[in-house]
Amino acid sequence: MSKDYRKTPEALGRLTDQQYAVTQEEGTEPPFRNAYWDLHDDGIYVDVVSGQPLFASTDKFDSGTGWPSFTRPIEPDAVVTTTDRTLWMTRTEVRSSGAESHLGHVFDDGPRAEGGLRYCMNSAALRFVPVEDLAAQGYGEYLDRFPNAPTTDPTPQEDAA
């Protein structure tokens, strides 16, 4: 089933000042002083504006930059890229495909064995969903990416007498 991951006035109204500045005004948060640069828990990262799944922790790596970095998006069409010529240089900007939230930039200095890309994202543009909450929050389709994910037994256990 397809989900509609659009930007709404209600969603924008829930953002903090920093989340708004990053996602809507192409801002950048400070390195090493953000929520997810050093998070190593299993789960997925979704667009803070729309909830669209963007990246999986299984594709996250320590780039040494102070921002969360990933080798690839969770789905090929989860993000779109555009040319960014601000700050006197040319970079490739990354946006969520649904809400068009500014997420960060992609560079070609990532792990070669994983394709060579580094999706350098702003924590303020993301919301982390821990693996144990995926199903409850509507992201159960991504559980298979985590072989050690807790499973829920659909049949109730009877007390042993």
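Residues numbered from 1 in each chain as written. Predicted model: local features only at pLDDT ≥ 70, side-chain atom pairs only at ≥ 80, totals over all residues. Heavy atoms only, no water.

K.L.:
What am I meant to see in the overall build of the protein here?
P.N.:
On a plain count of helices and strands, the protein comes out with two helices and nine strands. Each principal axis of the C-alpha atoms in the protein carries an extent, and together these give about 75 × 40 × 30 Å. When each of the 161 residues of the protein is scored for burial, the buried share is 43%. Here the contacts in the protein between residues at least 6 apart in sequence split such that 55% fall between residues at least 24 apart. Just so you have it, the protein exposes about 9,400 Å², and 49% of that area is on carbon and sulfur atoms. Mean positive and mean negative side-chain charge positions of the protein (14 and 27 charges, respectively) differ by 8 Å. (Helix = DSSP H or I, 4+ residues; strand = E, 2+ residues; numbered from the N terminus. Buried < 20%, exposed > 50% of the residue type's maximum accessible area, 1.4 Å probe, protein only. Contact = heavy atoms within 4.5 Å. Areas by Shrake-Rupley, 256 points an atom, 1.4 Å probe, with all protein chains shown as cover. Lys, Arg positive; Asp, Glu negative; His and termini not counted. Charge placed at Lys NZ, Arg CZ, Asp CG, Glu CD.)

K.L.:
Please explain the UniProt feature "active site" (unreviewed entry) in the protein as it appears in this structure.
P.N.:
Using the residue numbers shown here, the UniProt feature "active site" (unreviewed entry) corresponds to Cys120. Relative to the assigned elements, Cys120 resides in strand β8 (residues 118-121). Once residues lying within four places of it in the same chain are set aside, the contact partners of Cys120 are Thr65, Trp67, Pro68, Ser69, Leu103, Gly104, His105 and Phe107. (UniProt positions renumbered as here; feature names shortened; annotations may be inferred.)

K.L.:
What's the story with the packing of aromatic side chains in this structure? I'm lost.
P.N.:
Centre-to-centre distance and the angle between the planes together describe a pair of aromatic rings. Going through the model one piece at a time under the given rule, you end up with seven aromatic pairs. Between Phe55 and Phe70 the ring centres are 4.5 Å apart and the planes differ by 20°, which places this aromatic pair in the stacked class. In this pair, Phe55 is assigned in strand β2 (residues 53-56) and Phe70 in strand β4 (residues 69-70), connecting sequence segments 15 residues apart. For Phe55, a relative accessible area of 0% gives the class buried. By relative accessible area, which is 0% here, Phe70 ends up buried. Measuring from ring centre to ring centre gives 5.8 Å for Phe55 and Tyr119, while their planes differ by 55°; the resulting arrangement is tilted. Of the two residues, Phe55 is situated in strand β2 and Tyr119 in strand β8; the sequence distance between them amounts to 64 residues. Like Phe55, the residue Tyr119 is buried in the burial classification. (Phe/Tyr/Trp six-rings, centres within 6.5 Å; stacked < 30°, edge-to-face > 60°.)

K.L.:
Quick question: what am I supposed to make of the environment of His102 here?
P.N.:
Its place among the elements puts His102 in strand β7 (residues 102-107). Sequence separation between His102 and Thr23 is 79 residues; the distance between their C-alpha atoms is 4.4 Å. Within the structure, His102 has its side chain in polar contact with the side chain of Glu93 (distance 2.7 Å). (Polar contact = N/O pair within 3.5 Å; in protein donor to acceptor, adjacent residues only side chain to side chain.)

K.L.:
Looking at this model, I keep getting lost on the sheet that holds strand β9 (residues 126-130). Mind explaining?
P.N.:
Across a sheet, strands are paired by hydrogen bonds formed along the backbone, either parallel or antiparallel in direction. Strand order in the open sheet formed by three strands is β2-β1-β9, and the pairing between neighbours is antiparallel. Both outer strands of the open sheet, β2 and β9, are each paired with one neighbouring strand and no more. Within this sheet the neighbouring strands show an average axis-to-axis angle of 30°, counted without direction. Pairing of strand β1 (residues 43-47) with β9, which is carried by five bridges, proceeds in the antiparallel orientation. Bridge pairing in β9 places Ile44 opposite Val129. (Pairing = 2+ DSSP bridges. Axes fitted to C-alpha atoms, helices over the stretch in contact; angles between N-to-C directions.)

K.L.:
What exactly am I supposed to notice about the pattern of salt bridges here?
P.N.:
Any two side chains of opposite charge can pair, so long as their charged atoms come close to each other. Per the counting criterion, the structure on display carries nine salt bridges. Between Glu141 and Lys3 there is a salt bridge whose closest N-O contact spans 4.0 Å. Of the two residues, Glu141 sits in the segment after β9 while Lys3 sits in the segment before α1 (9-13), which places them 138 residues apart along the sequence. The salt bridge partner of Glu114 is Arg72, with a shortest N-O separation of 3.3 Å. On the criterion of sequence distance, the pair formed by Glu114 in the loop between β7 and β8 and Arg72 in the loop between β4 and β5 (79-84) is long-range, its members being 42 residues apart. Given a relative accessible area of 37%, Glu114 falls into the partly exposed group. (Salt bridge = Lys/Arg side-chain N within 4 Å of Asp/Glu carboxyl O.)

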